[in-house]
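Remarks on the overall topology
Chain residues, written in single-letter form:
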Amino acid sequence: MKKLFKALLVFACAGTLCAGALALSACGGGKKGEAYALTHGAERFIGYSSVTVNGDKVKDCVLTEVMLPGELKNEDKELIYKELSYGDVTIVYDETSKAYKVGSQSVTEYFYNNEAHCKEYYEAAVGNKISGKKVDSDASETVSKAVLSKEENGYWSTNLGDKLGWKANRDATVAYVKEYGISGLSSLKKATEGDNTGYWVDGNNVSTGATWSDLYKETQPANYVTYAQLIINAYNVATGK
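Summarised in this report is the structure supplied together with it. What you see is a predicted model; the values in this text were computed from it and never measured.

Here we take up helix α5 (residues 227-239). Between its first and last C-alpha, α5 extends 19 Å over 13 residues, near the 18 Å set by a 1.5 Å rise per residue. Buried residues dominate α5, accounting for 12 of its 13 residues. Here α5 has its buried residues at Y227, A228, Q229, L230, I231, I232, N233, A234, Y235, N236, V237 and A238. Remark: G240 follows α5 within two positions and exhibits a positive phi of approximately 75 degrees.

Written as structure tokens, this is what we have:
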């Protein structure tokens, strides 16, 4: 991680999407907020973040993701599952549209801007409560957390050129938030010169140590939520903003 230069940050949270108001609890003398959202592109992942605060100060931050079925592919990059089920929900691959659907809705329509749906999928994934039918079989099998969670399945496990892997990027982002709070997340830009070239830096030129593409966008995407926004959503729940 590039050297971080300490600076006084002023809270400037703007453009918050969903409120993330699904969880708010006392935790170790502070308050914990949680948020769930479709992340890193339409129909790809469900992200989860929690932020624990004491007053406005961040005491802890969690950021993670689980895969939706379109990301589950074999070595030949072919889809593995034609169907995933959990609770009363079934996600089915539609041969006509060549996309996964929940009933008549696309996966994006079902999950985007519906935090309850995102939470239900995420909790089923990490709780080993999702079953699947492979494309060449009608037998059901458990699709485990080890398969779905980026924490466990080896997703982008190594650096690619000057791009850090998933865990390295996630850990750097979480470390930045725990050190500097969330105010800088609304002013991030990719540095193009100097020691921080290729890294996201905030408005005070403090490096996050992260390089991943969907950390921040000045204009929020139309069909998913950036990692910065997901963390901000969790923070807003924790602080009641």
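That was the structure; now back to the text.
Core analysis: the largest hydrophobic core is formed by 62 residues, its most contacted members being I46, Y86, I91, F111, Y121, I130 and L185. The element contributing the most residues to this core is α5, with 8 residues. Every residue in contact with L185, bar those within four places of it in the chain, is listed here: Y176, V177, Y216, A228, I231 and I232.

All chains considered together, the criterion is met by 2 cavities of 30 Å³ or more. The space that makes up the second largest cavity amounts to roughly 30 Å³. Lining the second largest cavity we find H40, K150, Y155, W156, W166, W212 and Y227. Considered class by class, the residues forming the lining of the second largest cavity number 5 nonpolar, 1 polar and 1 charged.

With antiparallel pairing, the 6 strands of this open sheet are ordered in space as β8-β7-β6-β5-β9-β10. In this open sheet, the two edge strands, each paired with only one partner strand, are β8 (105-106) and β10 (140-142). Here strand β5 (residues 81-86) runs beside strand β6 (residues 89-94); their pairing, made up of 4 bridges, is antiparallel. Its bridge partner lying in β6, L84 is registered against I91. Across the sheet, helix α2 (residues 115-126) is in contact with β5 and β6; its angle to β5 comes to roughly 100 degrees.

Another point: the packing of aromatic side chains. Inspection of the entire model under this criterion finds 11 aromatic pairs. Each ring, one from Y36 and one from Y48, has its centre 5.0 Å from the other, and the planes form 45 degrees; the classification is tilted. Of the two residues, Y36 sits in strand β2 (residues 30-39) while Y48 sits in strand β3 (residues 45-54), which places them 12 residues apart along the sequence. Comparing Y36 with Y48 shows no difference in burial state: the two are buried. Ring centres of W200 and Y216 lie 6.4 Å apart, and the angle between their planes is 85 degrees; this geometry places the pair in the edge-to-face category.

Cut-offs and rules
Every chain's residues receive numbers from 1 upward, in the order its sequence appears when written. Restriction of local features to residues with pLDDT of at least 70 applies here, the model being predicted, together with a cutoff of 80 or more for giving and counting side-chain atom pairs; totals for whole chains, interfaces and linings are based on all residues. Water and hydrogen atoms were dropped before computing side-chain values, which therefore reflect all heavy atoms in the structure. What counts as a helix is a DSSP run of H or I of at least four residues, what counts as a strand is a run of E of at least two, and both are numbered from the N terminus. In this scheme, a helix's expected span is set at 1.5 Å multiplied by one less than its residue total. To sort residues, take the accessible area from a 1.4 Å probe on protein chains only and compare it with the maximum for the residue type: under 20% means buried, over 50% means exposed, and anything in between is partly exposed. By convention a nonpolar core is built from buried Ala, Val, Leu, Ile, Met, Phe, Trp, Tyr and Cys residues, the set being connected through side-chain atoms within 4.5 Å. It only takes one pair of heavy atoms within 4.5 Å for two residues to be counted as in contact. In the cavity and pocket records, a cavity denotes points on a 1 Å grid over the protein atoms alone where a 1.4 Å probe fits but cannot get out, a pocket denotes an open set with protein on both sides within 12 Å along at least 5 of 7 lines, and lining residues are residues with an atom within 4 Å of a point. Grid points are joined across faces, edges and corners, and a volume is the space filled by probe spheres set on the points. Following the grouping adopted for this structure description, the nonpolar residues are Ala, Val, Leu, Ile, Met, Phe, Trp, Tyr, Cys and Pro, the charged ones are Asp, Glu, Lys and Arg, and the polar ones are all others, Gly among them. Any two strands between which DSSP finds at least two bridges are classified as paired. Only C-alpha atoms enter the line fits that serve as axes; for helices the fit covers just the stretch in contact. Angles between N-to-C directions range over 0 to 180 degrees. A pair of Phe, Tyr and Trp rings is counted when the ring centres sit within 6.5 Å of each other, with Trp represented by its six-membered ring. The angle between the planes then sorts it: under 30 degrees is stacked, over 60 is edge-to-face, the rest tilted.

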